[in-house]
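This is what each chain is made of:
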Amino acid sequence: MVGELGRYSKKDALWSQMNSIINEHAKGDQYMSVIKTDDFIDKGDAVHFNSESQRLLGKRYAEAFLKTIKK
């Protein structure tokens, strides 16, 4: 499992490119899950997720993990 980078960076082109690489790689790996973060909010520094987004990230990781063990 891998989480995307936030969509609010001041270097958005680089971060978008990295998210594209993450998602493209995941297409070729049946054991890889990508955790979407496009609706997350930064904590005001344009780098880190705020507390609410971090909790949501944890929930999404847990959901992705549970899907893998049910296969």
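Residues numbered from 1 in each chain as written. Predicted model: local features only at pLDDT ≥ 70, side-chain atom pairs only at ≥ 80, totals over all residues. Heavy atoms only, no water.

Under an unreviewed UniProt entry, the name given to the protein is Sialate O-acetylesterase domain-containing protein, and the organism recorded is Algibacter lectus.

A. Spatial organisation of the packing of aromatic side chains. If you walk through the whole model with that rule in mind, you get three aromatic pairs. A centroid spacing of 5.0 Å and a plane angle of 85° characterise the contact between Phe40 and Phe49, whose relative ring orientation is edge-to-face. Aromatic ring contacts, followed pair by pair, group Tyr8, Trp15, Phe40 and Phe49 into a single cluster. (Phe/Tyr/Trp six-rings, centres within 6.5 Å; stacked < 30°, edge-to-face > 60°.)

B. Inspection of helix H1 (residues 12-27) at higher detail. When the terminal C-alpha atoms of H1 are compared, their 23 Å separation across 16 residues agrees well with the 22 Å that a helix rising 1.5 Å per residue should span. Within the span of H1, buried status applies to Trp15, Asn19, Ile22 and Ala26. For H1, the arc enclosing every buried residue in end-on projection is 55°, short of the 170-degree limit, so these residues lie on one face. Seen from the open side of H1, the exposed residues pointing more than 90 degrees away from its buried face are Ala13, Leu14, Glu24 and Lys27. Tucked into the core, H1 has its buried residues touching strand E1 (2-3) and strand E2 (34-35). (Helix = DSSP H or I, 4+ residues; strand = E, 2+ residues; numbered from the N terminus. Expected span 1.5 Å × (residues − 1). Buried < 20%, exposed > 50% of the residue type's maximum accessible area, 1.4 Å probe, protein only. Arc of directions from axis to C-beta. Contact = heavy atoms within 4.5 Å.)

C. Region of the structure containing the nonpolar core. In this structure, Tyr8, Trp15, Ile35, Phe40, Phe49, Leu57 and Ala64 together form the largest nonpolar core, which totals seven residues. Look past the residues within four positions of Leu57 in its chain and what remains in contact with it is Ile35, Thr37, Phe40 and Phe49. (Core = buried A, V, L, I, M, F, W, Y, C linked by side-chain atoms within 4.5 Å.)

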